[in-house]
Amino acid sequence: MTKPQASKGEERQQAATRPLLDSPPVATSARTDRTTLRTSESARFGLLTRGADIWAYREILVNLIRKDLRVKYTQSKLGAFWSMLNPILYLAIFSFVFTVVLPPTIPNFPVYLLSGLVVWNLFNGTLAIASRSIVDNTSLVKKVYFPKEILPLSSVGVTLVDFALQTLVLIVFMVVFGYPFLGLNMLLFPLALVALVLFTTAIAFWVSGLNVRYRDTQHLLNLVLLAWFWFTPIVYPAAQMEKTLSNVFGVDLFPVYLVLNPVADIVFAFQRAFYADPTPMLNGESTDVLVSLGVGQLALLMVAVIIGSAILLRITWKSFFKMAGDFAEEL
Amino acid sequence: MSQTAVQIDQVSKSFRRVKQAPTSIKQRMTNKLRRRTLEYDDFWALQEISYEIKTGTSIGLIGPNGSGKTTLLKMIAGILRPTTGVITSRGRIAALLELGAGFHQELTGRENVYLNASILGLTKKETDAVFDSIVDFAELHDFIDTKVKFYSSGMYMRLGFAVAVHVDPDILLVDEVLAVGDEGFQRRCLDRIQSFQQEGRTIVLVTHVVDQVRDICTEGVMLLNGVVHQTGTPETVVREYRRLLLKEDVPWVAGEPTRDIEIASVQVLPPEGRTLDDVEPGDNITIQVDLKASRAVEDPVVAVTLHDHHDVLEYQESTASLGANLGRIQGARRVRFVLRWLPYTSGEYFVTVGVTSRDERTLYDLAERSGSFSIPVQTNKIAVAHIATDIIVEDAT
């Protein structure tokens, strides 16, 4: 941006009276030297060039996220409280079911539930918005040029804000139950968060592109997510899942589960980071709540999920990019 | 010195129209099971378009509906991909295909300005710098913090345009958005575009109001059925476009004039005591045509049409349809059409005169828009037609 800012607004008239013909304003500007080529093929997919393109249009991303948050929160008197209400409501329901109706199996249930639920809500919430993100912004896609990745990325941004608010609720409960905030296990949190955002973004690219061509993707997605939620130990003890899977007709399927369900891996890491104690005391006896993996093992698991998600992200991003060139025609 | 802003090279675009394309995963599965193959046909919206747009020029892109103007604009903007061919552009492009793209009903005018400006490529800082100017331009000082869902459609459009004219592109693509707001607002829009031109920016303007092309543009491009039909000065392209419109309306405009008979002059004569700018409803107008035949021509026909300022055909008549016979013409001849009792309350009307053979197969000469007259708007008469009316009042017993 070397173009003089003085040539803006009302001053533009004055700028026009300068001897433009001697020095055409277009020739001096750095950004105008950018030559764009448009052909039948989409440009070669390169992470660096895509990244640079999105960076150049980052203002749209920021403004779309801001728009969604404004629309979501200023319309209601309760505002940001709504997104905290969701985990509180879940907490009330599941606490009732798992500590009153059924015999209690998890001490300090709110902390356990919330540490997994914040993960799930980010994953679930992002995919719900992302799957509709292209279709809901038809007028933009058909009328303006910008990198289409911005639309699914903005859904990640919006749910990240919810995630932050819901994590506040979790922290409140940790204070209430007297949890320490210092410890080696807390180091799992940033690692797991990176893994979560990478994996969620990868799936978001995939479903948002697919939903343009097949509009029932979003409905199918809801069913898949419902099943996925119950196959992930969020409301029941993770140790239960490990115990069940480690001996299926004499075969240990738990490692397979760890590979097939990265969301569960991330949930395990979050639970270890916040809930901390894998075998807390319940009625004077120690009970298995978390998986038997140590902090170091979980950290390694997170690194593996990050690497896997990064590879997956590259694949889904590329397929999204290939599809994106035709969005304006298919909508 | 003159650089190329946009180079369009052998660009074609086809849209695949698939009959019953699967729009759901379920349909796709059932199609596979039934081994149904998809029927489709390709529709070529543009074929082998090549054109070089120089930096600093203003191109007026005209053509009838469906000729591919908007498709071409969208490809330059990068919204659509060419099917074959290459478009190379230099510099930042802003495409005004829709005013207020991305406006959200629940946001205030202020919030929408920032959102829309970022979509059109302005940074927050740049928007801050021009924000007051945008509000001034849109004349929405009292409403800028109101949600846009409470705006009238005029206010909405004004705000959209105000943001649009404050973008800072090297290449500005405009699609049919100039016809917004009242006359004063339109005037300022045109001023704005002219200052864009003075700053050496490149403009591509798609419009149906061809007079705008003549007023604003430095070059004209006419598309017809997906190919470049004509390029050149705005005057020649606009004339060709009008001619095409005329051809659709009147059968006798076919082929090039042979000039066996020439139209030496066309004069539009107002009624006595008035000028051509000051005609009143119910007046008589005389169209006087002077012909000159260089060789003897048997039985020609003189035809006259009136078009309004939207190029809508309002009237056509000819010596043949009126039962007059000109006989054999050699040398000079004068034909007068006296249009008695004009049925319009207001408007500007353009006269076109043609001379053809009786079977209308040969066009001898054509004088397009060779004259005009206008009826000023009268505040007490806003309807279209002026009809002579008798009033009879009597006792109904």
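Here, every reference points to the structure presented above.
Keep in mind that what you see is a predicted model, and the values were worked out from it rather than measured.

Asks: For this particular structure, what's the right way to read the overall build of chain B?
Replies: Summing up its helical and strand segments, chain B has eight helices and 16 strands in all. Here the C-alpha coordinates of chain B stretch approximately 70 × 65 × 60 Å along the principal axes. Within the span of chain B, comprising 397 residues, buried residues form 39% of the whole. Taking contacts inside chain B between residues at least 6 apart in sequence as the whole, the part at least 24 apart equals 73%.

Asks: How do you make sense of the sheet that holds strand β10 (residues 261-269) of chain B when you look at a structure like this?
Replies: Picture the strands of a sheet paired through backbone hydrogen bonds; they go either parallel or antiparallel. All names here are of chain B. As summarised here, the arrangement of the three strands in space is β10-β11-β14, forming an open sheet in which the pairing is antiparallel. Two strands close off the open sheet at either side, each with one partner strand: β10 and β14 (328-339). Across the sheet, the axes of successive neighbouring strands diverge by a mean angle of 15°, strand direction being ignored. For strand β11 (residues 285-298) and β14, the ladder comprises 11 bridges, and the chain directions are antiparallel. Of the residues in β14, the one forming a bridge with V297 is I329.

Asks: Got a minute to help me understand unusual backbone geometry in this structure?
Replies: Glycine aside, residues mostly have negative phi angles, and peptide bonds mostly take the trans form. Residue and element names in this part refer to chain B. Positive phi values are uncommon outside glycine, yet E139 reaches one of about 55°. Along the polypeptide, E139 turns up in the loop between α4 (124-138) and α5 (153-164). Note on E139: 16 C-beta atoms within 10 Å, which makes it partly exposed. The phi dihedral of W341 falls on the positive side, at around 65°, and the residue is not glycine. Mapped onto the secondary structure, W341 falls in the loop between β14 and β15 (347-356).

Asks: Sorry if this is basic, but what is going on with the sheet that holds strand β16 (residues 363-375) of chain B here?
Replies: All names here are of chain B. Spatial strand order, β13-β12-β15-β16: four strands in an open sheet with antiparallel pairing. The open sheet has two edge strands, β13 (313-318) and β16, and neither has a second partner. Between one strand axis and the next, the sheet turns by 15° as a mean value, whatever way the strands run. In this sheet, β15 lies alongside strand β12 (residues 301-308) in antiparallel orientation, the contact comprising eight bridges. Across the sheet, residue V301 finds its bridge partner in β15, namely T356.

Asks: Help me out: how do you make sense of the environment of V335(B) in this one?
Replies: Residue and element names in this part refer to chain B. With respect to the secondary-structure elements, V335 resides in strand β14. Residue class for V335 comes out partly exposed when judged on the 19 C-beta atoms lying within 10 Å of it. Between the alpha carbons of V335 and G232 there is a distance of 35 Å; along the sequence they are 103 residues apart. Residues in contact with V335, not counting those within four places in the same chain, are V289, L291, V302 and T319.

Asks: It is not clear to me how the interface of chain A and chain B should be interpreted in this structure. Could you clarify?
Replies: When the parts of a complex come together, some accessible area is lost, and that lost area is often used as the size of the interface. On the side of chain B, 47 residues touch chain A, which itself brings 42 residues to the contact. For the side of chain A that touches chain B, the secondary structure elements donating two or more residues are α1 (11-17), α2 (25-28), β1 (35-38), α4 (58-74), α7 (138-143), α10 (217-230) and α15 (327-330) of chain A. With six residues, α4(A) is the single largest residue contributor to the side of chain A that touches chain B. Its residues assigned to classes, the side of chain A that touches chain B comprises 16 nonpolar, 13 polar and 13 charged. Bridge analysis of β1(A) against strand β4 (residues 84-90) of chain B gives four bridges, and the strand direction is antiparallel. When the sheet's bridge partners are listed, T36(A) is paired in β4(B) with S89(B).

Asks: Which parts of the structure should I look at to understand α4(B)?
Replies: One turn of an α-helix holds 3.6 residues; hence residues three or four places apart share an orientation. All names here are of chain B. Considering bend angle alone, the principal kink of α4 is centred on V130 and spans about 50°. Residues of α4 that are buried: E126, T127, V130, I134, F137 and A138. Those residues of α4 hidden inside the fold are in contact with α3 (109-119), α5 and α6 (183-198). Positive backbone phi, approximately 55°, marks E139, located one or two places after α4.

Asks: Is there a simple way to explain the environment of G232(B) in this structure?
Replies: Residues and elements named next belong to chain B. Turning to its location among the elements, G232 is positioned in strand β9 (residues 227-232). When the C-alpha atoms of G232 and V209 are compared, they prove to be 18 Å apart, with 23 residues separating the residues in sequence. Aside from chain neighbours lying at most four places away, what touches G232 is G220 and V237.

Asks: Please explain helix α9 (residues 188-213) of chain A as it appears in this structure.
Replies: Between its first and last C-alpha, α9(A) extends 38 Å over 26 residues, near the 38 Å set by a 1.5 Å rise per residue. α9(A) sits mainly inside the fold: 22 of its 26 residues count as buried.

Asks: Sorry if this is basic, but what is going on with the nonpolar core here?
Replies: Nonpolar side chains in soluble globular proteins tend to end up buried together. Core analysis: the largest hydrophobic core is formed by 153 residues, its most contacted members being A192(A) and L173(B). For this core, the leading source of residues is α9(A), giving 17 residues. Counting 30 residues, the second-largest nonpolar core is a separate cluster that includes V301(B), L306(B), L342(B) and V353(B).

Cut-offs used in this document
- Within each chain, residue numbers correspond to sequence positions counted from 1 in written order.
- In the order they appear in the text, chains get letters beginning with A and ligands get numbers beginning with 1.
- Given that the model is predicted, a residue must reach a pLDDT of at least 70 before its local features are reported, and side-chain atom pairs must reach 80 or more before they are shown or counted; all residues, however, enter totals for whole chains, interfaces and linings.
- Under the scheme used here, helices are H or I runs from DSSP no shorter than 4 residues and strands are E runs no shorter than 2 residues, and both carry numbers assigned from the N terminus.
- For every residue, the other C-beta atoms within 10 Å of its own C-beta are counted; 20 or more classify it as buried, 12 or fewer as exposed, and values in between as partly exposed. C-beta atoms are placed from the backbone.
- Residue pairs qualify as contacts under a 7 Å threshold applied to their C-beta atoms, which are placed from the backbone.
- Here, any two strands with at least 2 DSSP bridges between them count as paired.
- Note on method: axes are straight lines fitted to C-alpha atoms, helices fitted across the in-contact stretch only, with angles between N-to-C directions ranging 0 to 180 degrees.
- Classification used: nonpolar for Ala, Val, Leu, Ile, Met, Phe, Trp, Tyr, Cys and Pro, charged for Asp, Glu, Lys and Arg, polar for all others including Gly.
- Note on bend: at a given residue it equals the angle between the axes fitted to the 7 residues ending there and to the 7 starting there.
- By definition here, a helix of n residues has an expected span of 1.5 Å times n minus one.
- To form a nonpolar core, buried Ala, Val, Leu, Ile, Met, Phe, Trp, Tyr and Cys residues must be joined through C-beta atoms within 7 Å.

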